[in-house]
Amino acid sequence: MTATAPSTAAPGVRRSDPLTTPDGAPWDLLVVGGGTAGLVAAHTAAGFGARTLLVERHRTGGDCLWTGCVPSKAMLAAAHAAAAARRAPRLGVHVGDVHVDFAAVMRHVHDTIARIEPVDSPERLRGAGVAVAHGDLTMTGPQSAVVDGEPVRFAQALLATGSSPSVPGIPGLAEAAPLTSDDVWDLTELPERLLVLGGGPIGCELGQAFARLGSRVSVVEAGPRVLGPEDAHAAALVAAALRADGVDLQEDVSLERVEGTPGDLAAHLSDGTVLHVDRVLVAVGRTPGTHDLGLRAAGVEVRESGHVVVDGALRTTNPRIWAAGDLTGHPAFTHVAGMHGSLAASNAVLGLRRKVRLDTIPRVTYTQPEVASFGVGTETDDPSHTVHRVDATEIDRAVAEGDTDGEVAVVLDGRGRLVGARVVGPRAGEVLAELTLSAQAGISLRTVAGTIHPYPAWSDGVSKVAVARTREELARPLPATVTRVLSRGRRRWVQHRASAAGATRPAP
């Protein structure tokens, strides 16, 4: 049986600034939502001198701080440390039995949140010149809204209300009090038996983490494989790693119904299997937070999925209202939300028309091994694309650390431009950054190959794949002919100089 406690992240007394500007004029920019997109947008707008009001229903910081990136990576750090200790004997280091103090792990999680929280606080916003109010906001017109019934007028607005975990209507699931990424951080005891519904990035990360911390974990994925958007080879490596950590991985199987109560649950799968578990953690996607904003009154069109319709510059169907982050339907990552917030606020306040680039957005799954990628996948069926790979067994750092389950792969178009990449292995997200920048800036792999990389570093895989590609280019008929001619010409010139020097040398 597992227990939960009231969230240590509950906000205290909240102070709201006035909902009107000092002179009674409309706000230059009303920002709705205090997550990553809203925070960046508000800071950006205020930095440009715009009178900015940010309205947040609950607490600033958003999912990333309270329920997403920060707590999950804090837990993963503990889980990976436990796994490293268990694997240490392969390197000749023996640490004895590994004991996990789950309560201490969760204290680390909440301590991490507390340390980062001031960066996203209302006080930090106010210090930057942003007015902050708390309450429920509803749009009442193209340039008007109410916050808990009080009117707000704005010249322009930016919607940044994020998303929340989706919980499917599976019979018995609601009665099972399912956990999600919103409340799993309130656990005070480690679930002995945990079912993770969904084999996407969140399901794989948390499934592996809880298994390494000591839970008996089952991951159920309805699709044919985990990490569906990733390439089959990467997904297979992660699946193998999950199973090596003791995870019971069920792919191409769905959850049909749940019976019982927390602590004694029977999960019935589509293949007839019945899993007996204590808790269910749902990780099957997210729902945009747009359903109660009154967007129709504001003239903002919303798709059937709940996502706001935006153009390439993040402007909605109301030309005075912009949107940023998860509710746009673009990849739901914190780094995307941050870029959205900056871009949309700049466009709104400065009248720019900067557009979002979707082809170079990186994504990382923080399992071990990590999977990081962007753009066109290595399973592309476009005949003009070429794929170049370097296996981790060729990366000396990977060999030295005994961690060779991975690779670096790049995808080039018919003109040799980098249009996609995938890195599998330790620090894959950091390694991918160089390739993402190269694609964004139009830097060729030949330039990457000519850049001195530190050795032995994980980035050596990028260097090797770039060098291999460059050598392949030089081996083509025309470049090979040119280099042979130059080489022969140089040889003759050196021999001629040597002969001339010998002819003029005085006799002994």
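Bear in mind the structure is a predicted one, so any value in this text is a computation, not a measurement.

A.B. asks: Sorry if this is basic, but what is going on with the overall build of the protein chain here?
C.D. replies: For the protein chain, the count of helices and strands is 13 helices and 22 strands. In the protein chain, buried positions account for 47% of the 508 residues. Counting every atom, the protein chain has about 23600 Å² of accessible surface; 55% of that belongs to carbon and sulfur.

A.B. asks: What exactly am I supposed to notice about the packing of helix 3 (residues 69-87) against helix 4 (residues 102-116) here?
C.D. replies: Viewed as axis vectors pointing N to C, helix 3 and helix 4 meet at an angle of 140 degrees, and their least axial separation amounts to 9 Å. With respect to helix 4, the element helix 3 is oriented oblique. Helix 4 is crossed by helix 3, and the crossing has right-handed handedness. On helix 4, the residues that touch V70, P71, A74, M75 and A78 of helix 3 are F102, V105, M106, H108, V109, T112, I113 and I116.

A.B. asks: Just to check I follow, could you spell out a positive patch on the surface for this structure?
C.D. replies: A grouping of R484, R488, R491 and R492 is seen on the molecular surface, where their side chains present a positively charged patch. Mapped onto the elements of the fold, R484 is located in helix 13 (residues 477-504).

A.B. asks: Quick question: what am I supposed to make of helix 6 (residues 201-213) here?
C.D. replies: Each α-helix turn comprises 3.6 residues. Residues three or four places apart therefore point the same way. Under the 1.5 Å per step criterion, the end-to-end length of helix 6 is 18 Å for 13 residues, consistent within 8% with the ideal 18 Å. For helix 6, the tally of buried residues reaches 11 of 13 residues, placing the bulk of the element in the interior. Here helix 6 has its buried residues at G203, C204, E205, L206, G207, Q208, A209, F210, A211, R212 and L213. The first or second residue beyond helix 6 is G214, which carries a positive phi of 125 degrees.

A.B. asks: Would you mind going over helix 7 (residues 232-244) with me for this structure?
C.D. replies: Counted at 1.5 Å a residue, the expected span for helix 7 with its 13 residues is 18 Å, and the 18 Å between its end C-alpha atoms agrees. Against helix 6, strand 11 (248-251), strand 19 (370-375) and strand 22 (418-425) lie the buried residues of helix 7. One or two positions beyond helix 7, positive phi appears at G246, with a value near 95 degrees.

A.B. asks: Got a minute to help me understand the sheet that holds strand 14 (residues 274-277) in this structure?
C.D. replies: Picture the strands of a sheet paired through backbone hydrogen bonds; they go either parallel or antiparallel. With antiparallel pairing, three strands are arranged side by side in an open sheet as 12-13-14. Every other strand in the sheet has two partners, leaving strand 12 (255-261) and strand 14 as the edge strands with one partner each. Shown here is a sheet whose adjacent strand axes are inclined to one another by a mean of 20 degrees, direction ignored. Of the pairings in the sheet, the one linking strand 13 (residues 264-269) to strand 14 comprises four bridges and is antiparallel in character.

A.B. asks: How do you make sense of the confidence of the model for the protein chain when you look at a structure like this?
C.D. replies: Any region with low pLDDT has predicted coordinates that should not be read closely. Scored by pLDDT, the protein chain has a mean of 94; 96% of the residues are at 70 or more. A low-confidence stretch, residues 1-12 (pLDDT under 50), is modelled with 28 contacts involving residues beyond four sequence positions or located in other chains.

A.B. asks: What am I meant to see in the packing of helix 3 against helix 6 here?
C.D. replies: The packing of two helices is summarised by the inter-axis angle and the distance between the axes. It is at 8 Å that the axes of helix 3 and helix 6 come closest, and there the two elements cross at 50 degrees. Here helix 6 runs oblique to helix 3, going by the angle between their axes. Taken as a pair, helix 3 and helix 6 cross one another with a handedness that is left-handed. For the pair formed by helix 3 and helix 6, the contact residues are K73, M75, L76, A78, A79, H80, A82, A83 and R86 on the first element and E205, L206, Q208, A209, F210, R212 and L213 on the second.

A.B. asks: Sorry, what's going on with the state of the cysteines here?
C.D. replies: Here, the word disulfide means a covalent bond between the sulfur atoms of two cysteines. The tally for this structure, following the rule as stated, stands at zero disulfides. With no disulfide of its own, C64 has C69 as its nearest cysteine by sulfur position, at a separation of 3.1 Å.

A.B. asks: What's the story with the side chain of E221 in this structure? I'm lost.
C.D. replies: Considering the arrangement of structural elements, one finds E221 in strand 10 (residues 216-221). No salt bridge is formed by the buried E221; its nearest oppositely charged neighbour, R225, is found at 9.1 Å. Within the structure, the side chain of E221 is placed 2.7 Å from the backbone nitrogen of G223, a separation counted as a polar contact. Setting aside its immediate chain neighbours within four residues, E221 contacts G198, G199, G200, V226, Q250, E251, D252 and V253.

A.B. asks: Whenever I open this one, a nonpolar patch on the surface confuses me. Can you help?
C.D. replies: Side chains of F48, L350 and L352 sit close together on the surface and give an oily, nonpolar patch of about 250 Å² of accessible area. Its place among the elements puts F48 in the loop between helix 1 (36-47) and strand 2 (52-56). Residue F48 is classed as partly exposed on the basis of its relative accessible area of 41%.

A.B. asks: I'm lost on the pattern of salt bridges in this one. Help?
C.D. replies: All told, the structure shown has 25 salt bridges when counted by the stated rule. The closest approach of N and O atoms between D17 and R126, which form a salt bridge, is 2.8 Å. On the criterion of sequence distance, the pair formed by D17 in the segment before strand 1 (29-32) and R126 in helix 5 (residues 122-127) is long-range, its members being 109 residues apart. We note that D17, like R126, is buried. Note that R225 and E379 form a salt bridge whose closest N and O atoms lie 3.7 Å from each other. Of this pair, R225 sits in the loop between strand 10 and helix 7 while E379 sits in the loop between strand 19 and strand 20 (386-391); the two residues are 154 residues apart in sequence, bridging distant segments of the chain. Classification of R225 as partly exposed rests on a relative accessible area of 25%. A relative accessible area of 45% places E379 in the partly exposed class.

A.B. asks: Teacher, can you tell me more about the pairing of strand 21 (residues 407-412) here?
C.D. replies: On any regular strand, side chains alternate: one points to one face of the sheet, the next to the other face. In terms of burial, strand 21 is largely enclosed, as six of its six residues are buried. In this sheet, strand 21 lies alongside strand 20 in antiparallel orientation, the contact comprising six bridges. Of the residues in strand 21, the one forming a bridge with H388 is V410. Here strand 21 pairs with strand 22 via six bridges, running antiparallel. Within strand 22, the residue paired with V408 across the bridge is V423.

A.B. asks: I tried to follow the sheet that holds strand 3 (residues 130-134) on my own but got confused; where do I start?
C.D. replies: Strand order in this open sheet of five strands is 3-2-1-7-17, and the pairing throughout is parallel. In the strand order of this sheet, the two ends are held by strand 3 and strand 17 (321-323), each with one partner. Within the sheet, the average angular offset between the axes of one strand and its neighbour, ignoring direction, is 20 degrees. Relative to strand 2, strand 1 runs parallel, the two sharing four bridges. The partner of L30 across the bridge, within strand 2, is L53. Against the sheet, helix 1 contacts strand 1, strand 2, strand 3 and strand 7 (157-159), and its axis sits at roughly 165 degrees relative to strand 2. Along the sheet, helix 8 (residues 334-350) contacts strand 1, strand 7 and strand 17; its crossing angle with strand 17, the most-contacted strand, is approximately 165 degrees.

Reading the values: the criteria
Residues numbered from 1 in each chain as written. Predicted model: local features only at pLDDT ≥ 70, side-chain atom pairs only at ≥ 80, totals over all residues. Heavy atoms only, no water. Helix = DSSP H or I, 4+ residues; strand = E, 2+ residues; numbered from the N terminus. Buried < 20%, exposed > 50% of the residue type's maximum accessible area, 1.4 Å probe, protein only. Areas by Shrake-Rupley, 256 points an atom, 1.4 Å probe, with all protein chains shown as cover. Axes fitted to C-alpha atoms, helices over the stretch in contact; angles between N-to-C directions. Parallel < 35°, antiparallel > 145°, perpendicular 65-115°, else oblique. Left-handed = near helix turned anticlockwise from the far one by under 90°. Contact = heavy atoms within 4.5 Å. Patch = residues over 30% accessible without salt bridge, like charges linked within 9 Å, V, L, I, M, F, W, Y side chains within 5 Å. Salt bridge = Lys/Arg side-chain N within 4 Å of Asp/Glu carboxyl O. Lys, Arg positive; Asp, Glu negative; His and termini not counted. Charge placed at Lys NZ, Arg CZ, Asp CG, Glu CD. Expected span 1.5 Å × (residues − 1). Pairing = 2+ DSSP bridges. pLDDT = per-residue confidence, 0-100. Disulfide = S-S within 2.5 Å. Polar contact = N/O pair within 3.5 Å; in protein donor to acceptor, adjacent residues only side chain to side chain.

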